[in-house]
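# Commentary on secondary and tertiary structure
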Number of protein chains: 2
Amino acid sequence: MITRREANVSLLSTMMVAAVPGLAMAESQVIELPPPQTEGGKPLMEALKARHSSREFADRPLAPQVLSNLLWAAWGINRPATGLRTAPSSQGKMDIDLYLAMANGVWIYDPKAHRLLQHMQDDVRGETTTGQDFVKTAPLNIIYVSDAARMGKPSNADRMFNGIADSAVIGQNVYLFCAYEGLATVLRASVPGERLAKRLNLTPTQAIYFAQSVGYAKT
Amino acid sequence: MITRREANVSLLSTMMVAAVPGLAMAESQVIELPPPQTEGGKPLMEALKARHSSREFADRPLAPQVLSNLLWAAWGINRPATGLRTAPSSQGKMDIDLYLAMANGVWIYDPKAHRLLQHMQDDVRGETTTGQDFVKTAPLNIIYVSDAARMGKPSNADRMFNGIADSAVIGQNVYLFCAYEGLATVLRASVPGERLAKRLNLTPTQAIYFAQSVGYAKT
């Protein structure tokens, strides 16, 4: 879908947030991502060799193209005919949404249109941790939100099982993309899940088990 | 570590099993894997593009080099100085062992020496499922075994959380390696965890949440 918004993502992002303060669901609060670059680059085995956790982030935002590539790698559609993704999910229910905590608010990744929808304008990055200071510095904290409403009628155990597993496989994609791109990242289970769910105004069927900090490495 | 066993993996595998029937822990029941090939090959983004679940397997064993590369990609050591791996684990406890159910028995992957240690001689592939027929055909069913004994003093909830998450991230490595190599695979939560743990004579601290079938695609 080509729209006038596609021109300059980072500029638009700033512009839109500045233009409509306090307006939570305005149609214009969308960031169209540039198409992901899925050709070439480092071999899989090289990315596996470079995979590691890092907790030291430079304090600058991710370039729009890097964010686009990252989100596609994490949980993008790799089979457009069916909408299936780069990671599996329990019984194919695709219960996970990526909520992206950045300096300019919280955005939800929309894999179908490969764009971001603003969820709220607050910078909640520091609230995605139970006390790790580096989290605030990372320009992006991905919050993995599992929605049991997509699972049929799951038991509580199944909700947890699926939510944990379906977040973790995406987390590994993020790890490998960061190794491939030379970014720093760490997948964190030290997340105040219930408190953060309230802060994000999630529904009772939505739960958070993991967050993942991503950014350029501190040099 | 170079030993006389390194010569020909597939030949030795057959030989050793044939030579010592009924002897469960004989020192010779080891398969030294060829060193993993970690250079070159398909880019990460191409592997992500090709990632999918498949339940149709050809009935022939994996070549030793493919098995070697697969296991390194899954849960191999990518930083020899520290022993750290291609996938993360909760609090770095590395609670997961890969038990490999193949036609010639169950083998445990030893990442440090990059070799297989025989655990039992039975073909339990068909017992790693709650009823999916294709499982028996796959030459390899990886059983993810989480050992809470490595977690310190975890609560029951933590044991489960860590076991599920730490299996899933490795499972995603296997998915991507299979996409890279053109193999078929599916990560399965439909595993009779407790029954299978008994069948494998696991200790009370070991638990199974996932298995993953891997093989050549049926043509």
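From a predicted model like this one, the values you see are computed outputs, not experimental measurements.

## A word on the confidence of the model for chain A
Per-chain confidence: chain A averages 90 in pLDDT, with 87% of residues scoring 70 or above. Throughout residues 1-26 of chain A the model reports pLDDT below 50, and contacts reaching past four residues in sequence, or to other chains, amount to 36 contacts.

## Quick word on the side chain of B:Thr128
One can find B:Thr128 in the loop between strand E6 (115-120) and helix H4 (134-137). Here B:Thr128 is in contact with B:Ala101, B:Val135, B:Asn141, B:Ile143, B:Arg188, B:Ser190, B:Val191, B:Pro192, B:Leu196 and B:Ala211, once residues within four sequence places are set aside.

## Concerning the relation of the copies chain A and chain B
The two copies are related by a screw operation: chain A maps onto chain B through 180° of rotation and 0.0 Å of translation along the axis, at an RMSD of 0.0 Å. On the angle and the small slide along the axis, the relation comes out as a two-fold axis. Both copies contact each other with a shared surface, as 100% of the interface residues of chain A are interface residues in chain B too.

## A few points about the sheet that holds strand E1 (residues 30-32) of chain A
Residues and elements named next belong to chain A. The strand order across the open sheet built from seven strands is E1-E6-E5-E4-E7-E9-E8, with neighbouring strands paired in antiparallel fashion. Pairing within the sheet leaves two strands with one partner each, and these edge strands are E1 and strand E8 (183-188). When the angles between neighbouring strand axes are averaged without regard to direction, this sheet yields 25°. With eight bridges connecting them, strand E7 (residues 140-147) and strand E9 (residues 206-216) associate as antiparallel partners. Across the sheet, the residue bridging to Asn141 is Ser213, located in E9. Sheet strands in contact with helix H3 (residues 64-75) are strand E4 (96-102), strand E5 (105-110), strand E6 (115-120), E7, E8 and E9, and its direction is about 155° off that of E4. Packed onto the sheet, helix H5 (residues 156-181) meets E4, E7, E8 and E9 and runs at close to 5° relative to E9.

The rules behind these values
Residues numbered from 1 in each chain as written. Chains lettered and ligands numbered in written order. Predicted model: local features only at pLDDT ≥ 70, side-chain atom pairs only at ≥ 80, totals over all residues. Heavy atoms only, no water. pLDDT = per-residue confidence, 0-100. Contact = heavy atoms within 4.5 Å. Helix = DSSP H or I, 4+ residues; strand = E, 2+ residues; numbered from the N terminus. Least-squares fit on C-alpha atoms with pLDDT ≥ 70 in both. Pairing = 2+ DSSP bridges. Axes fitted to C-alpha atoms, helices over the stretch in contact; angles between N-to-C directions.

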